[in-house]
Structures are given as C-alpha cells and as structure tokens.
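So the chains spell out like this:
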Amino acid sequence: QVQLVESGGGLVQPGESLRLSCVASRTIGSSAIMGWYRQAPGNPRALVATLTAGRDPNLADSVRGRFTISRDNAKNTVYLQMNSLKPEDTAVYYCYAKIAGDRYWGQGTQVTVSS
C-alpha cells in the first residue's frame, strides 16, 4: 500500500502561481507513473499531467505551456508547478500513482482561482 499526501492548494487570483506537492509514504520505483488529475464541480476527474521515467511529460492541452510536472525520486515527491492560473483551473487536484499495475490516489487539495 502507498499513501499519497498532497499539499500546496489555496485561493489565488487569475495570473498567479501555485506549486502542488505530493509525497508518497514509501519509496516508489522510478518506473512508476506519477501525476495529477483534477475534478471541478459537476465534471468528471480529468488528467492534468503525468510523468513516466524516460518519457516526455504527458500534459493536458488546457495546461500545456502553463503547468510543469516534475519529480524528485529521492524525496518520493511529485510536483505540479502551475503558472498563469485561470478561473477554469479551479478544481480539486488529486495526486496519482500507478505502481506495478495498482493505482493510488491522494485525498485531494482544493485550488481556487478567483478575483
């Protein structure tokens, strides 16, 4: 079992930035996929960005050029740097990991973009 704990959400104004962090409770091999999904009210959970070792990051079209995903394997942590935030980025952001075919989710962190 792996627990994923997100942090870094909050309330920001349009155009501002936030960085989300997700720490895994144990060492996750570099072959594991880690990333972020989000869910806005009334919408299904949707991919934001995922990172697989040896491959280019997979980013949703709506965030490409504004969001960056990175990973620190030594700290069992994945990050989501979100720049130029828009109101439509408002959602609960969930950390995700796929390890040897098993999928894990964090509890979610709220991001609200509003003036």
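Details of the structure are given in the entry above.
Heads up: these notes are all about the structure in this document.

Conventions adopted
- Residues numbered from 1 in each chain as written.
- Predicted model: local features only at pLDDT ≥ 70, side-chain atom pairs only at ≥ 80, totals over all residues.
- Heavy atoms only, no water.
- Buried < 20%, exposed > 50% of the residue type's maximum accessible area, 1.4 Å probe, protein only.
- Helix = DSSP H or I, 4+ residues; strand = E, 2+ residues; numbered from the N terminus.
- Pairing = 2+ DSSP bridges.
- Core = buried A, V, L, I, M, F, W, Y, C linked by side-chain atoms within 4.5 Å.
- Contact = heavy atoms within 4.5 Å.
- Salt bridge = Lys/Arg side-chain N within 4 Å of Asp/Glu carboxyl O.
- Axes fitted to C-alpha atoms, helices over the stretch in contact; angles between N-to-C directions.

Some details on the pairing of strand 11 (residues 109-113)
Inference 1: Side chains Thr 109, Val 111 and Val 113 project from strand 11 onto a buried face, and the interleaved Gln 110 and Thr 112 project onto a face without burial.
Inference 2: Alignment of strand 2 (residues 10-12) against strand 11, held across three bridges, turns out to be parallel. The residue bridging Val 12 from the neighbouring strand is Val 113, located in strand 11.
Inference 3: Sheet analysis places strand 9 (residues 91-99) next to strand 11, joined by three bridges and oriented antiparallel. The residue bridging Val 92 from the neighbouring strand is Gln 110, located in strand 11.

As for the nonpolar core
Inference 1: Core analysis: the largest hydrophobic core is formed by 31 residues, its most contacted members being Leu 4, Trp 36, Val 48, Phe 67, Leu 80, Met 82 and Tyr 93.
Inference 2: When residues of this core are traced back to their parent elements, those giving at least two are strand 3 (18-24), strand 4 (33-39), strand 5 (46-51), strand 7 (67-72), strand 8 (77-82), strand 9 and strand 11.
Inference 3: The residues contacting Phe 67, other than those within four sequence positions of it, are Arg 38, Val 48, Leu 59, Leu 80, Gln 81, Met 82, Asn 83, Leu 85, Asp 89 and Tyr 93.

Some remarks on the pattern of salt bridges
Inference 1: All told, the structure shown has three salt bridges when counted by the stated rule.
Inference 2: A salt bridge links Arg 38 to Asp 89; the shortest N-O distance between them is 3.0 Å. Of this pair, Arg 38 sits in strand 4 while Asp 89 sits in the loop between strand 8 and strand 9; the two residues are 51 residues apart in sequence, bridging distant segments of the chain. Taken as a pair, Arg 38 and Asp 89 share a single burial class, namely buried.

Here we look at the sheet that holds strand 3
Inference 1: Here four strands make up an open sheet; going across it, the order is 1-3-8-7 and the pairing antiparallel. Among the strands making up the open sheet, the edge pair consists of strand 1 (4-7) and strand 7. The average undirected angle you get between the axes of adjacent strands in this sheet is 15°.
Inference 2: Of the pairings in the sheet, the one linking strand 3 to strand 8 comprises six bridges and is antiparallel in character. Directly across from Ser 21, in strand 8, lies its bridge partner Tyr 79.

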